[in-house]
Amino acid sequence: MENEIKIDEVSYLEIEINIILQNIKNNNTQYDFNKEDDIDKILLTYFYEENSDGGKLAISWFNQKGCNEFCNGVSDIQRIVKQYWMNEFKEELCDSFLTPHEMIKTYVYCKAKQLIRDKL
């Protein structure tokens, strides 16, 4: 099994995700970043739903990286998503289950979740 990689040790898209989080805090008074239910709503609405800010960020990153940078980054991202999947669903993630875009979108979701939790 591959060595475990911790999401807080990886910084792909961290600046961009923090900008989205800050915009949510500044522009959406209906959400409380200290409430678990609100955090779940924020993560789904802004980072995982179709056409969400996180989804757009993932596709942008996917489309803008050069081959070497994409291949190097996606290896770390895949390991993080596989670990998340195992922790969340108690089963291994099949390599063909997620498209590359869905895998990056899942990473963006996980990274946003980690960043929110770190700031609580």
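Placed above this text is the structure.
Structure report, in brief. Treat the numbers as computed from the prediction; the structure is a model and nothing was measured.

### Remarks on the overall build of the protein chain
When helices and strands are tallied, the protein chain shows five helices and zero strands. Moving toward the C terminus, one meets the helices and strands of the protein chain in the order α-α-α-α-α. If one aligns the C-alpha atoms of the protein chain with their principal axes, the spans along those axes are about 40 × 35 × 25 Å. Within the protein chain, the proportion of its 120 residues that are buried is 41%. For the protein chain, the share of sequence-separated contacts (at least 6 apart) that also reach a separation of at least 24 residues comes to 71%. With an accessible surface of roughly 7,500 Å², the protein chain has 46% of that area assigned to carbon and sulfur atoms.

### With respect to the nonpolar core
Core analysis: the biggest nonpolar cluster contains 36 residues, and Ile17, Leu21, Ile24, Ile42, Phe47, Tyr107 and Val108 have the highest contact counts within it. Of all elements in the fold, only α1 (14-27), α2 (36-47), α3 (53-64), α4 (67-89) and α5 (100-119) reach the threshold of two or more residues within this core. Counting residues per element, this core draws most heavily on α5, which supplies nine residues. Discounting residues that sit within four places of it in the chain, Ile24 has contacts with Tyr31, Phe33, Ile42, Tyr46 and Phe47.

### Thoughts on the packing of α3 against α5
Relative to each other, α3 and α5 sit at 125 degrees, their axes nearing to 9 Å. With respect to their mutual orientation, α3 and α5 come out oblique. Crossing of α3 over α5 shows right-handed handedness. Every residue of α5 that contacts α3 at Gly54, Gly55, Leu57, Ala58, Ile59, Trp61 and Phe62 is listed here: Pro100, His101, Ile104, Lys105 and Val108. Broken down by class, the residue content of the contact of α3 with α5 amounts to eight nonpolar, three polar and one charged.

Calculation criteria
- Residues numbered from 1 in each chain as written.
- Predicted model: local features only at pLDDT ≥ 70, side-chain atom pairs only at ≥ 80, totals over all residues.
- Heavy atoms only, no water.
- Helix = DSSP H or I, 4+ residues; strand = E, 2+ residues; numbered from the N terminus.
- Buried < 20%, exposed > 50% of the residue type's maximum accessible area, 1.4 Å probe, protein only.
- Contact = heavy atoms within 4.5 Å.
- Areas by Shrake-Rupley, 256 points an atom, 1.4 Å probe, with all protein chains shown as cover.
- Core = buried A, V, L, I, M, F, W, Y, C linked by side-chain atoms within 4.5 Å.
- Axes fitted to C-alpha atoms, helices over the stretch in contact; angles between N-to-C directions.
- Parallel < 35°, antiparallel > 145°, perpendicular 65-115°, else oblique.
- Left-handed = near helix turned anticlockwise from the far one by under 90°.
- Nonpolar A, V, L, I, M, F, W, Y, C, P; charged D, E, K, R; others polar.

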